[in-house]
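# What the coordinates show
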Amino acid sequence: MQSAIRLLAALCILLAQGCSHPPLQPKTQAEIAVIAGNFRFNDGGNAIFFTLDKGMDAAPADTHPATFVFVISGSDCISMKGLLPNYFDGLEGTSGGMRIFILHKRFIGTSDCGSQFIEMDYPSRWIEDQAEFILAQLSIAAMNYQRPSKLLLVGISEGAEVVPVLAGRIRDVTHAALLGNGGMDPYDALRLQATKYGFTDAARDIDIICNDSPASFDRVVADRSCRYWSEMRSLRHTDNLLRLDIPLFVAMGEADRMVPIESAWYIRDRFAAAGKTTLRVLTVPDADHGFRARDVSVLPQVWRRLEEWMQERTGGGK
């Protein structure tokens, strides 16, 4: 539908016949095209990725999205394919259109999520892969004369841990958002949640078995390698966030059982103590880790609030 409308508009201009075309209606979720691809990394590995556009159906044929959104999803070997495009209801691209990119971890959607996935599932791998993917997409866009005015990084759950690192590496990033995560260092958050919900045995096992030496990296505890746990322990998430000089949005459900809500309050207080005014914190009453409250998804409202915030905060530190 979208390509047909753009072709019609182009023909009208070329023929200069004063052609009038029918009013454009907003696309339904079923009409939003989700494009899947396979990204090959420089080391020969690969991962599945998806792209979709929002707010572009009424734009002229030669218009490019004003905003690029790179989404780093959470843990576990689960593909987002079955959730798209509905997962992004609430993001509408009302300010010049929006292109959303999602790069999966290696082996998601291409295997049974066994030992190969576990072996490649650790923070420094995610950072390198996401950085290579983002820079490649920006390079492709530049070759096609596309220069988005805003570049948003969104980290969901575990994916939030690497967002400030990527934002520090990629100078084009203008905004950052964390959903289902806050600003505590990940291991501190794990220990707090373990105490609150009674899984301290798992945390103790990680401490005992994973001794932070390379020799222990291949061992698996709580479905993750010791390399994963070691790197999570060494991530200084709070410090990385405090170093950012771009607007930051944090959203958490107050009934989250995966990440403590205290993580959102903690980063709010740390930013205030540092005199930084670049943070917006949204906490949702009764909402869980997936932003469901009383069996109803409130995720669209979270996305909507995030987009409104982006329109307000168009420059670092403002």
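See the structure printed just above.
Residues numbered from 1 in each chain as written. Predicted model: local features only at pLDDT ≥ 70, side-chain atom pairs only at ≥ 80, totals over all residues. Heavy atoms only, no water.

## What to know about the overall build of the chain
The line we're drawing: Runs of H or I in DSSP of at least four residues are treated as helices and runs of E of at least two as strands, each being numbered from the N terminus. The classification of residues rests on relative accessible area computed with a 1.4 Å probe and restricted to protein chains. Under 20% of the type maximum is buried, over 50% is exposed, and intermediate values are partly exposed. Here the open area of atoms and residues is found with the Shrake-Rupley method and a 1.4 Å probe, where only the protein chains shown may cover a residue.
Check the secondary structure of the chain and you find ten helices and twelve strands. Evaluated residue by residue, the chain yields a buried proportion of 48% over its 318 residues. Carbon and sulfur atoms provide 52% of the accessible area of the chain, an area that totals close to 15,400 Å².

## What about the state of the cysteines?
One covalent bond between the sulfur atoms of two cysteine residues makes up a disulfide. Let me state the cut-off plainly: Working definition: a disulfide is two cysteine sulfur atoms within 2.5 Å of each other.
Applying the stated criterion across every chain, the model contains two disulfides. The disulfide partner of Cys77 is Cys113, and the gap between their sulfur atoms is 1.7 Å. The chirality of the disulfide connecting Cys77 with Cys113 is left-handed, given an S-S dihedral of about -70 degrees. With a gap of 36 residues between them, Cys77 in the loop between strand S3 (67-72) and strand S4 (98-103) and Cys113 in the loop between S4 and helix H2 (115-119) connect regions that are remote in the sequence. Residue Cys113 is classed as partly exposed on the basis of its relative accessible area, which comes to 23%. Two residues share a disulfide in this structure: Cys210 and Cys226, whose sulfurs sit 2.1 Å from each other. Torsion about the S-S bond of the Cys210 and Cys226 cystine: about -70 degrees, corresponding to left-handed handedness. With Cys210 in the loop between helix H6 (200-209) and strand S7 (220-221) and Cys226 in helix H7 (residues 226-234), this residue pair connects regions lying 16 residues apart in the sequence. Of the residues examined, Cys210 reaches a relative accessible area of 2% and is grouped as buried.

## Considering the sheet that holds S3
Paired through backbone hydrogen bonds, the strands of a sheet run either parallel or antiparallel to each other. Definition in use: Strands were regarded as paired on the criterion that DSSP finds at least two bridges between them. Axis definition: a line fit to C-alpha positions, over the contact stretch in the case of helices; interaxial angles, taken between N-to-C directions, run 0 to 180 degrees.
On the basis of which strands lie adjacent, the open sheet formed by eight strands has the order S1-S2-S4-S3-S5-S6-S9-S10 and mixed pairing. Two strands bound the open sheet, and with one partner strand each, they are strand S1 (34-40) and strand S10 (279-284). Within this sheet the neighbouring strands show an average axis-to-axis angle of 20 degrees, counted without direction. By the bridge criterion, six bridges tie strand S2 (residues 46-54) to S4 in an arrangement that is antiparallel. By the bridge assignment for S4, Asp53 is matched with Arg99.

## Points about helix H9 (residues 262-273)
For clarity, the cut-off: Multiply 1.5 Å by the residue count of a helix minus one, and that product is the helix's expected span. The arc refers to the directions leading from the helix axis to the C-beta atoms. Here, residues are in contact when the closest pair of their heavy atoms is within 4.5 Å.
Its twelve residues give H9 an end-to-end C-alpha distance of 16 Å, which sits within 8% of 16 Å, the value for a rise of 1.5 Å per residue. Taken together, the buried positions of H9 are Ser263, Ala264, Ile267 and Phe271. Taken down its axis, H9 places every buried residue within 105 degrees of arc, on the same side. More than 90 degrees from the buried face of H9, the exposed residues found are Ala272 and Ala273. Taken together, the buried residues of H9 touch helix H8 (237-242), strand S9 (248-253) and S10. With its phi angle positive at about 75 degrees, Gly275 sits one or two positions after the end of H9.

## Remarks on the pairing of S3
Counting buried positions along S3 yields six of six residues, so the element is predominantly enclosed. Burial along S3 is two-sided: the face carrying Thr67, Val69 and Val71 and the face carrying Phe68, Phe70 and Ile72 are both buried. Where S3 lies against S4, five bridges are found, and the strand directions are parallel. Each bridged residue has a counterpart across the sheet, and for Val69 the counterpart in S4 is Ile100. Where S3 lies against strand S5 (residues 150-156), six bridges are found, and the strand directions are parallel. Bridged to Phe68 within S5 is Leu151.

## Regarding the pairing of S1
Where S1 lies against S2, seven bridges are found, and the strand directions are antiparallel. Bridge pairing links Gly37 to Phe49 in S2. The antiparallel pairing of S1 with S2 creates a hairpin that spans five residues between the two strands, and Gly44 there sits at a positive phi of about 95 degrees.

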